[in-house]
Amino acid sequence: MTQSLHERNRAALARALRRILPSEAVLTEKEDLRPFECDGLSAYRALPLIAVLPETVEQVQAILELCQVNEVPVVARGAGTGLSGGALPHREGVLLSLARFNRILEIDAANRTATVQPGVTNLAVSEAAAVHGLFYAPDPSSQIACTLGGNVAENSGGVHCLKYGLTVHNVLGIEMLTMEGERLRLGGQALDGPGYDLLAVMHGSEGLLGIVTEVTLRLLPRPPTIQVLLAAFDSIPAAGEAVARIIGAGIVPAGLELMDNPSLRAAEDYVHAGYPTEAAAILLCELDGCEAEVAAQTERVRALLQAAGASEVRVARDDEERARFWAGRKAAFPAVGRLAPDYYCMDGTIPRKRLAEVLERIAALSEEYGLPVANVFHAGDGNLHPLILYDANRPGELRKAEEFGGRILEICVEVGGTITGEHGVGREKIDQMCVQFDADELRYFHALKKAFDPDGLLNPGKAIPTLHRCAEFGAMHVHRGRLPHPELERF
Amino acid sequence: MDADQRDALQARVREAMEAHTPLCLTGSGSKAFLGNPVRGEPLSLAGHRGILSYEPTELVVTARAGTPLAELEAVLAAEGQHLPFEPPRFGPGATLGGTVASGLCGPRRPWSGSVRDHVLGVTVLTGKGDILHFGGEVMKNVAGYDVARLMCGAFGTLGILLDISLKVLPRAEASETRVLECAADAALDTLRRLGGESLPLTGAAHVDGCLYLRLEGSEATVAETARRLGGETLDEADSFWTALREQTHPFFAGEAPLWRLSLPPAAPLPVHDEPLLLDWGGAQRWLRSFRPADAIRAGAEALGGHATAFRQRPQDVDAFHPLPMAARQLHLRLKEVFDPQGLFNYGCLYPDL
Ligand SMILES: Cc1cc2nc3c(=O)[nH]c(=O)nc-3n(C[C@H](O)[C@H](O)[C@H](O)COP(=O)(O)OP(=O)(O)OC[C@H]3O[C@@H](n4cnc5c(N)ncnc54)[C@H](O)[C@@H]3O)c2cc1C
């Protein structure tokens, strides 16, 4: 009976949507919906009721109005590379793909901005800006595929965020639609706009507050000189100490990445970057700017690394060697992926000074769960990416990996950090939100959501847990005695 | 002198809720001239002060909102660090809270980022008497909506800032300012050209027929770039940039209304022959003009920006650029979330906020 109701809803909604969109842009068949069933976190899957592929803002507006009137949930999707299940479809809802919004509208060299549609990929912007000697700084590893709409919705970062900031620091303006169909422009080509900073609020809002229909980005001049140092360490605490010393010396590297032994070995086997495979950890430090500045900083960083106990420091001799140093880091995820049938990528941020301690605790948990972990992360800003290796075909192992991951995030909160630095909460970390925020704060989050989307139709069930869910999660956790500090409502 | 007044402030807000007393939030009053007039019982936030944590190698400082900016900046300077957005004080007692609430930035803003770009977390007391914490002390954090940044530039209308965590950065080793004599249109051309190059630029202003370019970085880089740019070295450069930031430069004296225009940096110059100072490489322009507010605002809007009536605001002119309907609606709903009774700085930003 429910099945037929579901089908009837689908047919009626599809008919209405086909009055807005060409028939081929309204997908209802299982095999057509399959490509949308998950994002980069494939452990969570669901087929949407319908998927739509609009091409104009007016079409999106009409779709939202239709869904608003009929109380149909809407989930936006860019490229589906998200790692927290943010674009996971709603079974009773419309999956709104922005893939056809793939045009770069303007590169304004005089004002150093790019205005793009939300489905444009991250890398395409820097490619289009290159003729002007400009680039778009945030560079998630997924940059060949991920979209600017997704970047805004997740406030994505990348290797170069240490110096150049996250998406929120590099977006000057957006155009968006609310679920009620209101079209809004926030910011523009100027450095600020009037009123509340709604632009900041939209960043990292995971498709819960509005649909981004246009993005204006800040472009930067390409630095003329880039240098990379590779340092090997006999222990992780020594590598952590080196990070603190570089930052403490007043140097802001363009990137400062750490790989532990399992990940650097995996990377070495995979791309033969020439990494010292016996090292407990390596640090990659990229410096950029004017030639004189980079030359001076390279010498200072070399000295700091040696003073911090590096067993070896290499300075890339040319562009080719620099590319080789990075090749291993860039291939780290797929390389680690070869070590086990599956891996689960975590994304907590901690104060830098707690690095060594947190990595030790993760290692202890790894033994407890019997699941190996490889660490490769943005050391410069304390953003950890432990990769938990497991085999989904072994019964119970996915659940074990998820539980292990959850405990890592709880450690991050306990030491004054956060459960997500750049991948978002999505569906995945919804329970850990209960650890980081207390009931009052969650209540304000829900109220804020309501200000943008009174009926709660945009991406429901993601990012912010209900208080009810938290109560259940809390009870379960305390019962199992696993929450490290159950008395701590938040940090 | 440092004191934790959060309980007292919470109690005061609860009283105000009970009695429906609107409150006029003040730090030191240094920026009281900004925005529209507020009626309400004064509530001083200056007593809630003190630095709570500061670790130079973490590049993070957390302080109570009443902490004087001068005190905070001195503590950072002792470690060779600073607030990169170079906030104006507009008075000796300026507090951190007022700085974040007004969201104002100095000449370095286009290169360093704004106040909100450096706010990592806040503890806030809402108009419902709740004390909440958003964000944290780490560089990257996407858990929950970014309420911390929403508070920046909200002029207290969404809540009383109690504690604030900021990202700080090392100060540059060397600084030099070059002065190039040129008219404003030539200055804009130069800035457009320089904007495409990777330079250690941290200030670019044009006033009285001179373009001022501040360079900061290592000794070698600054010296080399200065040579390349030409012009003259400015003696006492610090006092020039301070006068610009604090609006004690002679341009800011006199009776004509002072307008702040926030525009795309390469936007063309106005045709009117009125005193104009370019800051932020052209993205922030100060205009002295008696022309009607509507005309000035329409002009700014046509160029893709907005206009604030900053000082000597004519009667019956709203301080801030009017919002389109849909944005206004969202503002009202957000006010309803954080301060439903309209207790805090009611009317300061916009009439019913
Ligand atoms: C191999 C790999 C490496 C990665 N590396 C990084 C990294 O280095 N740094 C990093 O931060 N992330 C990284 N990610 C995560 C991911 O790429 C980013 O989160 C990215 O921004 C998602 O973009 P997307 O277009 O794929 O968005 P999707 O996954 O399609 O969607 C993500 C969220 O955004 C919402 N959304 C999408 N478009 C819009 C829109 N137009 N309006 C409103 N909401 C919208 C969706 O509803 C969803 O909640 C990586 C992922 C992979 C698979």
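Here the structure is a predicted model, which means the values were calculated and not measured. (Residues numbered from 1 in each chain as written. Chains lettered and ligands numbered in written order. Predicted model: local features only at pLDDT ≥ 70, side-chain atom pairs only at ≥ 80, totals over all residues. Heavy atoms only, no water.)

**Some details on the overall build of chain B**
Okay, so step 1: Counting secondary structure elements, chain B contains eleven helices and 17 strands.
Okay, so step 2: Relative to its length of 353 residues, chain B is compact, with a C-alpha radius of gyration of 21 Å against a globular reference of 20 Å.
Okay, so step 3: Based on the C-alpha atoms only, the size of chain B along its principal axes is roughly 65 × 50 × 35 Å.
Okay, so step 4: Burial status across chain B gives 63% buried among its 353 residues.
Okay, so step 5: A separation of at least 24 residues holds for 68% of the contacts in chain B among residues at least 6 apart in sequence.
Okay, so step 6: Here chain B carries 33 positive and 43 negative side-chain charges, and the mean point of each set is 4 Å from the other. (Helix = DSSP H or I, 4+ residues; strand = E, 2+ residues; numbered from the N terminus. Rg over C-alpha atoms; globule rule 2.2 N^0.38 Å. Buried < 20%, exposed > 50% of the residue type's maximum accessible area, 1.4 Å probe, protein only. Contact = heavy atoms within 4.5 Å. Lys, Arg positive; Asp, Glu negative; His and termini not counted. Charge placed at Lys NZ, Arg CZ, Asp CG, Glu CD.)

**Things to note about helix 4 (residues 122-129) of chain A**
Okay, so step 1: Every buried residue of helix 4 of chain A is accounted for by A:Asn122, A:Val125, A:Ser126 and A:Ala129. Summarising the axial view, the buried residues of helix 4 of chain A lie within an arc of 90 degrees, below the 170-degree limit, and thus occupy one face. (Arc of directions from axis to C-beta.)

**With respect to the site of the ligand**
All names here are of chain A.
Okay, so step 1: Near the ligand there are 32 residues, and of these Ala-76, Gly-78, Thr-81, Ser-142 and Thr-147 occur at the shortest range.
Okay, so step 2: The backbone of Gly-78 places a nitrogen or oxygen atom 2.7 Å from an oxygen atom of the ligand.
Okay, so step 3: Within the contact set of the ligand, an oxygen atom lies 3.4 Å away from a backbone nitrogen or oxygen of Gly-150.
Okay, so step 4: A total of 980 Å² of accessible area belongs to the ligand in isolation, and the protein chains cover 92% of it. (Near = heavy atom within 4 Å. Polar contact = N/O pair within 3.5 Å; in protein donor to acceptor, adjacent residues only side chain to side chain. Areas by Shrake-Rupley, 256 points an atom, 1.4 Å probe, with all protein chains shown as cover.)

**Notes on the pattern of salt bridges**
Okay, so step 1: Summed over all chains, the structure comprises 46 salt bridges over all chains.
Okay, so step 2: A salt bridge links B:Asp352 to B:Arg328, with the shortest nitrogen-to-oxygen separation between them at 3.1 Å. Taken together, the residues B:Asp352 in the segment after helix 11 (325-338) and B:Arg328 in helix 11 connect sequence positions 24 residues apart.
Okay, so step 3: The exposure class assigned to B:Asp352 is partly exposed, which follows from its relative accessible area of 30%.
Okay, so step 4: On the basis of relative accessibility, which here comes to 27%, the residue B:Arg328 falls in the partly exposed class.
Okay, so step 5: Via salt bridges that share partners, A:Glu58, A:Glu175, A:Arg183, A:Arg185 and A:Glu214 belong to a single interconnected network. (Salt bridge = Lys/Arg side-chain N within 4 Å of Asp/Glu carboxyl O.)

**Digging into empty space enclosed by the protein**
All names here are of chain B.
Okay, so step 1: One pass over the full model with this rule turns up eight cavities of 30 Å³ or more.
Okay, so step 2: In this structure, the largest cavity occupies an estimated 210 Å³ of space.
Okay, so step 3: Sorting the residues of the lining of the largest cavity by element identifies strand 6 (119-125), strand 7 (131-135) and helix 6 (147-150) as the ones contributing at least two each.
Okay, so step 4: Counting residues per element, the lining of the largest cavity draws most heavily on helix 6, which supplies three residues.
Okay, so step 5: Taken together, the residues of the lining of the largest cavity break down into 13 nonpolar, six polar and three charged.
Okay, so step 6: Taken as a whole, the second largest cavity holds about 120 Å³ of empty space.
Okay, so step 7: Lining the second largest cavity are 15 residues, and of these Pro-88, Cys-105, Arg-245, Gln-284 and Trp-286 sit closest to its centre.
Okay, so step 8: When contributions to the lining of the second largest cavity are tallied by element, the ones reaching two or more residues are helix 9 (237-246) and strand 16 (284-288). (1 Å grid on protein atoms, 1.4 Å probe; cavity = no way out; pocket = protein on both sides within 12 Å on 5 of 7 lines; lining within 4 Å. Points joined across faces, edges and corners; volume = space filled by probe spheres on them. Nonpolar A, V, L, I, M, F, W, Y, C, P; charged D, E, K, R; others polar.)

**What to know about the sheet that holds strand 12 (residues 225-233) of chain A**
Remark on secondary structure: sheet strands pair via backbone hydrogen bonds, oriented parallel or antiparallel.
Residues and elements named next belong to chain A.
Okay, so step 1: Read across the open sheet, the seven strands follow the order 15-12-14-13-17-18-16; overall the sheet is antiparallel. Where the open sheet ends on each side, the last strands, each with one partner, are strand 15 (312-315) and strand 16 (342-345). For this sheet the average axis-to-axis angle between neighbouring strands, irrespective of direction, equals 15 degrees.
Okay, so step 2: As paired strands, strand 13 (residues 255-260) and strand 14 (residues 281-289) are joined by six bridges and run antiparallel to one another. Residue Met-259 lies in a different strand from strand 14, and its bridge partner there is Ile-282.
Okay, so step 3: Lying on the sheet, helix 15 (residues 397-414) is in contact with strand 16, strand 17 (373-378) and strand 18 (386-390); it crosses strand 18 at an angle near 160 degrees. (Pairing = 2+ DSSP bridges. Axes fitted to C-alpha atoms, helices over the stretch in contact; angles between N-to-C directions.)

**Comments concerning the interface of chain B and chain A**
Okay, so step 1: Facing the 72 residues of chain B at the interface are 82 residues of chain A.
Okay, so step 2: The contact between chain B and chain A buries some 6,200 Å² in all, and 62% of this surface belongs to carbon and sulfur atoms.
Okay, so step 3: Sorting the residues of chain B by area buried against chain A places B:Lys140, B:Val142 and B:Tyr145 first, and these three jointly supply 16% of that buried surface.
Okay, so step 4: Our count for the chain B to chain A interface comes out at five salt bridges.
Okay, so step 5: A salt bridge links B:Glu55 to A:Lys353, with the shortest nitrogen-to-oxygen separation between them at 2.5 Å.
Okay, so step 6: At the boundary of chain B with chain A, the tally comes to 28 residue pairs in polar contact (both at pLDDT 80 or more).
Okay, so step 7: No other element matches helix 11 of chain B, which puts nine residues into the side of chain B that touches chain A.
Okay, so step 8: For the side of chain B that touches chain A, the residue count by class is 36 nonpolar, 19 polar and 17 charged. (Buried area = accessible area lost by both parts, 1.4 Å probe.)

**Topic: the state of the cysteines**
Okay, so step 1: A full pass over the atoms with the stated rule returns one disulfide over all chains.
Okay, so step 2: The residue that forms a disulfide with A:Cys434 is A:Cys470, at a sulfur-sulfur distance of 2.1 Å. Around the S-S axis, the bridge from A:Cys434 to A:Cys470 shows a dihedral of about -80 degrees and counts as left-handed. In this pair, A:Cys434 is assigned in helix 16 (residues 433-436) and A:Cys470 in helix 18 (residues 467-480), connecting sequence segments 36 residues apart.
Okay, so step 3: Lacking any disulfide linkage, B:Cys182 is separated from the closest cysteine sulfur, that of B:Cys210, by 7.6 Å. (Disulfide = S-S within 2.5 Å.)

**Quick notes on the side chain of B:Glu216**
Residue and element names in this part refer to chain B.
Okay, so step 1: Inspection of the secondary structure assignment puts Glu-216 in strand 12 (residues 210-217).
Okay, so step 2: Accessibility expressed as a relative area gives 18% for Glu-216, which makes it buried.
Okay, so step 3: Among the polar contacts listed, one links the side chain of Glu-216 to the side chain of Thr-202, at a separation of 2.8 Å.
Okay, so step 4: Non-local contacts of Glu-216, meaning those with residues more than four positions away in its chain, are made with Arg-108, Ala-172, Ala-174, Ser-175, Pro-200, Thr-202 and Val-222.

**A few points about unusual backbone geometry**
Okay, so step 1: Despite not being glycine, A:Asn459 shows a phi value in the positive range, around 45 degrees.
Okay, so step 2: Here A:Asn459 is to be found in the loop between helix 17 (439-452) and helix 18.
Okay, so step 3: Backbone geometry places B:Trp280, a non-glycine residue, at a positive phi of 50 degrees.

**Quick notes on the confidence of the model for chain A**
Okay, so step 1: Confidence in the prediction for chain A averages 93 pLDDT; 96% of positions are at 70 or higher.
Okay, so step 2: Between residues 478-491 of chain A, whose pLDDT stays under 50, and residues either more than four places distant or in other chains, the model counts 32 contacts. (pLDDT = per-residue confidence, 0-100.)

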